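# Understanding the architecture of this molecule
Take a look at the letters that make up each chain.
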Amino acid sequence: MLDFSDFIGTTYEGAVDQVTSIFTYNEAMKDYLHQYKFLQDVALANVFAGEIKALPMHGIVVPIPMHPEKLKERTFSQVEELLNHADIPFQNLLIKSTPSEQGKKSKKERLGAENLFELIHDVEATHYILFDDIYTTGATVHQAAKILKDAGAKSVEAITLIKG
């Protein structure tokens, strides 16, 4: 179980009900992510399709989106490709409204940042599952979860491929 103590007393406290990460970040995962995301080796999405598919996903799966400028630069959404290769249906309910990259910010900057997302569709009073490639400080999934809960989501969990 991940520690949410960084979010106590913030506007994001209680936004995420649970986070599950399949793997831990290490040198092999660092190499994988670099090859997959930055060298655009989309076929690597198949590497973990079985592990992703085996997870119990009971709810509406929502991928963490990329900013449109970043998507144009990378040519594919690494999160959506992971879900596609695992045959997991999903709904795009959010857009990333700021082009800033979380990976280039300090933990303090990430936790204090304005919300990165905007809602683009109505939210039902049901369970949602945010899906992302990596969980580092948790700011990204907590911000996305807050948007969903503020719009009426009953509960929000997050599943990530890797815990940084």
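So, a few notes on the structure that sits alongside this text.

Scoring rules and cut-offs
- Residues numbered from 1 in each chain as written.
- Predicted model: local features only at pLDDT ≥ 70, side-chain atom pairs only at ≥ 80, totals over all residues.
- Heavy atoms only, no water.
- Helix = DSSP H or I, 4+ residues; strand = E, 2+ residues; numbered from the N terminus.
- Contact = heavy atoms within 4.5 Å.
- Core = buried A, V, L, I, M, F, W, Y, C linked by side-chain atoms within 4.5 Å.
- Buried < 20%, exposed > 50% of the residue type's maximum accessible area, 1.4 Å probe, protein only.
- Expected span 1.5 Å × (residues − 1).
- Arc of directions from axis to C-beta.
- Polar contact = N/O pair within 3.5 Å; in protein donor to acceptor, adjacent residues only side chain to side chain.

Attention shifts here to the environment of Leu71. With respect to the element layout, Leu71 can be found in helix H3 (residues 68-74). Setting aside anything within four residues of it in sequence, one finds Leu71 in contact with Met66, Phe76 and Ser77.

One finds Tyr32, Ile52, Met57, Leu82 and Phe131 to be the most contacted residues of the largest nonpolar core, which totals 23 residues. If you list the elements that add at least two residues to this core, you get helix H1 (27-38), helix H2 (49-54), helix H4 (78-85), strand S5 (127-135) and strand S6 (155-163). Leave out the neighbours within four places in its chain, and Phe131 touches Ile52, Met57, Val61, Val62, Pro63, Ile64, Val79, Leu82, Leu83 and Ile159. Within the second largest apolar cluster, 22 residues are counted, among which are Ala15, Val123, Leu148 and Val156.

Taking 1.5 Å of rise per residue, twelve residues should cover 16 Å, and H1 covers 16 Å from first to last C-alpha, within 8% of that figure. For H1, the full list of buried residues reads Met29, Tyr32, Leu33, Tyr36 and Lys37. Across the axial projection of H1, the buried residues extend over an arc of 105 degrees, all falling on one side. Exposed and facing more than 90 degrees away from the buried side of H1 are Glu27 and Asp31. If you follow the buried residues of H1, they end up packed against strand S1 (18-24), H3, H4, S5 and S6. A side-chain oxygen of the first residue of H1 lies 3.1 Å from the backbone nitrogen of Ala28; this N-cap is Asn26. Following H1 by one or two positions, Gln40 adopts a phi angle in the positive range, close to 55 degrees.

Another point: the environment of Lys30. You can see Lys30 is positioned in helix H1. Given a relative accessible area of 41%, Lys30 falls into the partly exposed group. A sequence separation of 132 residues divides Lys30 from Ile162, and the C-alpha atoms of the two residues are 9.9 Å apart.

Treat this as a map of the structure, not an account of what it does.
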